Amino acid sequence: MRSKNATIRELLADIRTAAQQEQYNPAEDLKTLQTQYKRLSKREFSQLLDATVEKYTAGEWSAIHAALVAKARAGDVDAIRMYREMQTSGGSSEVMIVDDL
């Protein structure tokens, strides 16, 4: 049987490996966080959450997402469609429409 510390170390290592390999699946990552929420201490969950945030804020994913949002805000219909598809497939049903008119 694995110890609790070994489990958190494995989860953190998996997140870092996925970030290095640029494997981004927001729905799966949120599911992992949800599953581990009650199993881990506050400190351990905070470490897991920080690693997940770091995974998405560093690297290509954040740059691609920022570019897509910029194009959608500028009115590019294809970018808006893609953004909406990402929101519905990623688990979030909330879409913010920005109108500068």
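Look above for the structure.
Note that the structure is a prediction, hence the values are computed from the model and not measured. (Residues numbered from 1 in each chain as written. Predicted model: local features only at pLDDT ≥ 70, side-chain atom pairs only at ≥ 80, totals over all residues. Heavy atoms only, no water.)

A.B. asks: Lay out the overall build of the chain with the relevant residues and their values.
C.D. replies: Along the chain, the regular secondary structure elements total five helices and zero strands. Tracing the chain from N to C terminus, the helices and strands come up as α-α-α-α-α. For the chain, buried positions account for 25% of its 101 residues. Expressed as a percentage of contacts within the chain between residues at least 6 apart in sequence, the contacts between residues at least 24 apart total 57%. Here the chain displays about 7800 Å² of accessible surface, and carbon together with sulfur accounts for 53% of that area. (Helix = DSSP H or I, 4+ residues; strand = E, 2+ residues; numbered from the N terminus. Buried < 20%, exposed > 50% of the residue type's maximum accessible area, 1.4 Å probe, protein only. Contact = heavy atoms within 4.5 Å. Areas by Shrake-Rupley, 256 points an atom, 1.4 Å probe, with all protein chains shown as cover.)

A.B. asks: Describe the pattern of salt bridges, with residues and values.
C.D. replies: Enumeration according to the criterion identifies three salt bridges in this entry. Among the salt bridges present, the one from lysine 55 reaches aspartate 29, with a minimum N-O distance of 2.9 Å. Here the residue lysine 55 occupies a position in helix H3 (residues 42-57), and aspartate 29 occupies one in helix H2 (residues 26-37), the gap between them amounting to 26 residues. (Salt bridge = Lys/Arg side-chain N within 4 Å of Asp/Glu carboxyl O.)

A.B. asks: Account for the side chain of aspartate 29, naming residues and giving values.
C.D. replies: A relative accessible area of 13% means that aspartate 29 is categorised as buried. At 2.9 Å, the side chain of aspartate 29 forms a polar contact with the side chain of lysine 55. Those residues in contact with aspartate 29, other than ones at most four positions away along the chain, are Thr52, Lys55 and Tyr56. (Polar contact = N/O pair within 3.5 Å; in protein donor to acceptor, adjacent residues only side chain to side chain.)

A.B. asks: Describe H2, listing the residues and the values that go with them.
C.D. replies: The terminal C-alpha atoms of H2, which comprises twelve residues, lie 16 Å apart, in line with the 16 Å expected from a rise of 1.5 Å per residue. Listing the buried residues of H2 in full gives Asp29, Leu33 and Gln36. For H2, the buried positions fall inside an angular range of 75 degrees around the axis, keeping them on one side. Those residues of H2 that are exposed and angled more than 90 degrees off the buried face are Leu30, Lys31 and Gln34. (Expected span 1.5 Å × (residues − 1). Arc of directions from axis to C-beta.)

A.B. asks: I'd love a proper account of the packing of H2 against H3, names of residues and values included.
C.D. replies: In a pair of packed helices, the angle between the axes and the distance between the axes together describe the arrangement. One can describe the packing of H2 onto H3 by two numbers: an axis separation of 10 Å at closest approach and a directional angle of 170 degrees. Considering the angle they form, H2 stands roughly antiparallel to H3. Taking contact as the criterion, the partners of Pro26, Asp29, Leu33, Gln36 and Tyr37 in H2 are, on H3, Phe45, Leu48, Leu49, Thr52, Lys55 and Tyr56. (Axes fitted to C-alpha atoms, helices over the stretch in contact; angles between N-to-C directions. Parallel < 35°, antiparallel > 145°, perpendicular 65-115°, else oblique.)

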